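Chains, contacts and geometry: an overview
Each chain, letter by letter, is given below.
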Amino acid sequence: MNKKILALMMVIAMTVSLCACGSTAAASGSTEAKADNTVYNLTWAGIGSTDAIDTWIGEEAAARIAKATDNHVMIKVYPANQLGDLTQAYDEIMAGTIDMGLFTVYGTHDIINEMNFTCFLTNSLDEFREVYAKGGFIYDTLEKTQADRGVKLVGFWPSGYLGLGFTKLAEDESTLFDCTAKKKELLRVPGMDTMLASAKAMGFNTTTINYSDVYTALQTGVCDGSWNGGAYANYQSFRDVLKYYVDYRVCNDVYSLVMNNEKFNSLPAEYQKIVSSTLEEVLEEGVTKIGEQEAQSLKDMEAYGIKVIVPTDAQRAEMKAYFVENVWPGFAQYYGQDVIDQLIALAK
C-alpha cells in the first residue's frame, strides 16, 4: 500500500512539474509577454535648450510614459547636446549606447535622409502634417532607411520653417522672390550639397561657415546673410546683428524621433504600445506649439526693430513651381529618379 501511495505521489509531482515547465516555456516564447516589475531606464538625446519645444516634447512624453507604465519605463532627457551633437547622438543610438532622441538626421550614413530638406516641399504646418504622415511616402521610405541602421523611426517634428536673416540687403524687395534674379548678397549655407544647390538656385552667392561661427561672420561682414533656422532661432540667437528677416519658408528643419530598435523590442509588448502612442501624441502637440512660437517670434523681431519681409502666397507658389521644375530633378543624383518622381507627385 505504501508503495502505491508513493508511486501516485511521484506521478502527481511529475505532472505538476511538467505543467509548470510548459507554462514557463510558453511565456518565454511569447511575443506578447506581459509587463513584469522590471524598470526600463532609457536615455533621450536632445539638441534644444532646456526651454525649447523639442526639450518639452521629451520631458512631457517621459512624464506621461512613466505615469502610464506605473514608473516601469523611465526616460531621462538630456537637452542642449549634453550627450554630444546630433551626429554623435545618432551614431550612439545606432550602437545602442543612447536609447533615443529627437534631432535632425543628416545624410552622413544615408543621403536619402536629406530628402527632409527638399525646398518648398511644404510651407505650412497643415501641409507638413499631410506630407509627413505615418504611412505616407516620406515616412515609409525613411522608416526603412532607419530600420536598415538598427533604428526605429517614431515620427517627425517640424522645428521651424527656414527663413533667411540678413545684416544688409542690396536688392529691391520684389527681386528677393524671383529665383531667376541674381542676388548680390553673400549667403552662408550649411555644408550640404542639396542646400548649397538650393541657395544658388534662389540666385544667391554662397559660402559655407560653421554654425558656431555664424554670429561673428554676420557681425564682421564676412557674409551678408545666413541660412540657419526659422523665426524663433533667428530671433533668439541672432537678433543683435540682424537688420532683415525674409520669411521664405524655404524648407523645414525636420527633426526625426528615433530609437534604438533592439532597445524598443526589449520592452514588453504592453509598454511598446504605450511608448509609441504617447510619443506620437506629444509630437503632434509639439507641431501646434512650434506654429504658435514661430508666429510670435515674427512679431518679436518686428518689435525689436528687425524688418520682416513676407512673400505673398502667389510669390511662394512661383518659387515652389520654379524649384519643382528646375531644381528638384537635379537631386535625382542623390536620391534616385523614383524618389524625385514621388516628391513631385506630393507637390501637386
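About the cut-offs
- Residues numbered from 1 in each chain as written.
- Predicted model: local features only at pLDDT ≥ 70, side-chain atom pairs only at ≥ 80, totals over all residues.
- Heavy atoms only, no water.
- Helix = DSSP H or I, 4+ residues; strand = E, 2+ residues; numbered from the N terminus.
- Buried < 20%, exposed > 50% of the residue type's maximum accessible area, 1.4 Å probe, protein only.
- Contact = heavy atoms within 4.5 Å.
- Areas by Shrake-Rupley, 256 points an atom, 1.4 Å probe, with all protein chains shown as cover.
- Pairing = 2+ DSSP bridges.
- Core = buried A, V, L, I, M, F, W, Y, C linked by side-chain atoms within 4.5 Å.
- Axes fitted to C-alpha atoms, helices over the stretch in contact; angles between N-to-C directions.
- pLDDT = per-residue confidence, 0-100.

Considering the overall build of the protein
Scanning the protein from N- to C-terminus turns up 13 helices and 11 strands. Burial status across the protein gives 48% buried among its 348 residues. For the protein, restricting intrachain contacts to residue pairs at least 6 apart in sequence, the fraction spanning at least 24 positions comes to 72%. A total of about 16,500 Å² of accessible surface is found on the protein, and carbon and sulfur atoms cover 52% of it.

Digging into the sheet that holds strand E9 (residues 244-246)
Backbone-to-backbone hydrogen bonds join strands into a sheet, with any given pair of strands oriented parallel or antiparallel. Pairing in this open sheet of 6 strands is mixed, and the strands run E7-E6-E8-E5-E9-E11 from one edge to the other. Sheet topology places strand E7 (205-207) and strand E11 (307-309) at the edges, where each strand pairs with a single neighbour. In terms of strand pairing, E9 meets E11 through 3 bridges, oriented parallel. Paired with Tyr-244 across the bridge in E11 is Lys-307.

A word on the nonpolar core
Phe-103, Trp-227 and Tyr-248 are the most contacted members of the largest nonpolar core, which totals 91 residues. Per-element accounting of this core gives the leading share, 8 residues, to helix H10 (residues 269-304). Once residues lying within four places of it in the same chain are set aside, the contact partners of Tyr-248 are Phe-120, Leu-162, Gly-163, Leu-164, Leu-176, Phe-177, Met-202, Phe-204, Arg-316 and Met-319.

Structural notes on the environment of Asp-140
As for its position among the elements, Asp-140 is in helix H5 (residues 137-147). Sequence separation between Asp-140 and Leu-153 is 13 residues; the distance between their C-alpha atoms is 9.5 Å.

Thoughts on the environment of Thr-108
Mapped onto the secondary structure, Thr-108 falls in the loop between strand E3 (100-103) and helix H4 (125-131). Accessibility expressed as a relative area gives 61% for Thr-108, which makes it exposed. Here the alpha-carbon distance between Thr-108 and Asp-91, two residues 17 residues apart in the chain, equals 10.0 Å.

Considerations on the sheet that holds strand E10 (residues 252-260)
Ordered by their spatial adjacency, 5 strands build an open sheet running E2-E1-E3-E10-E4, and the pairing between neighbours is mixed. Strand pairing shows two members of the sheet lacking a second neighbour, strand E2 (73-78) and strand E4 (151-161), which therefore form its edges. The mean angle between the axes of side-by-side strands here comes to 20°, regardless of whether they run parallel or antiparallel. When strand E1 (residues 40-46) meets E3, the two strands line up parallel, connected through 3 bridges. Paired with Gly-46 across the bridge in E3 is Leu-102.

Some remarks on the confidence of the model for the protein
In this model, the protein carries an average pLDDT of 90, and 90% of its residues clear a pLDDT of 70 or more. Low pLDDT, under 50, characterises residues 1-32; the predicted model gives this stretch 4 contacts beyond four residues in sequence or across chains.

Observations regarding the pairing of E4
The buried count for E4 comes to 10 of 11 residues, which makes it a mostly enclosed element. Judged from the 8 bridges that link them, E4 and E10 form a sheet pairing that is antiparallel. Bridge pairing in E10 places Phe-156 opposite Ser-256.

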